[in-house]
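Here is what each chain is made of, one letter per residue.
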Amino acid sequence: SEKLQKLLQQYLVMRQEKQHDLLLPRGRSIYHQLMERLEPLLEEEKGSHPRLQKLYDLRDMFGRISFWTVGGDGWAYDIGYGGLDHVIASEEHVNILVLDTEMYSN
């Protein structure tokens, strides 16, 4: 349908321009609002074409890419703080887990 084509085109533009994390007024990302509309349409139209069925089967691959950084408190706050600061400032989708090792260790 034309509505599905339009949503898929919006998704492609969003991916190409890396706007996954762009927040809308209600504090939800463009990605989440787009997927809320896209998934039901794909489910509804998946039987009309084999490619739509494949897209529906792969819908969990539509997500954003994220990276995890895991380290101890010595690494995060003392030695590696400068690097960690740059990663946070880059505004990339990065998750950081800092573990309290309860002793000075890196």
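Residues numbered from 1 in each chain as written. Predicted model: local features only at pLDDT ≥ 70, side-chain atom pairs only at ≥ 80, totals over all residues. Heavy atoms only, no water.

Our focus in this paragraph is helix 2 (residues 30–45). Compared with the 22 Å implied by 1.5 Å per residue over 16 residues, the 23 Å span of helix 2 between its first and last C-alpha is a close match. Residues of helix 2 that are buried include every one of Tyr31, Leu34, Met35, Leu38, Leu41, Leu42 and Glu45, and no others. Those residues of helix 2 that are buried are in contact with helix 1 (2–16) and helix 3 (50–57). (Helix = DSSP H or I, 4+ residues; strand = E, 2+ residues; numbered from the N terminus. Expected span 1.5 Å × (residues − 1). Buried < 20%, exposed > 50% of the residue type's maximum accessible area, 1.4 Å probe, protein only. Contact = heavy atoms within 4.5 Å.)

Once that is clear, we can look at the nonpolar core. Ranked by size, the top nonpolar core spans 14 residues in total, and within it Leu4, Tyr11, Tyr31, Met35, Leu38, Leu42 and Phe62 carry the most contacts. The set of elements that each furnish at least two residues to this core consists of helix 1, helix 2 and helix 3. Among the elements that make up this core, the one with the highest residue count is helix 2 (six residues). For leucine 38, the contacting residues outside a window of four places in its chain are Leu4, Leu7, Leu8 and Phe62. (Core = buried A, V, L, I, M, F, W, Y, C linked by side-chain atoms within 4.5 Å.)

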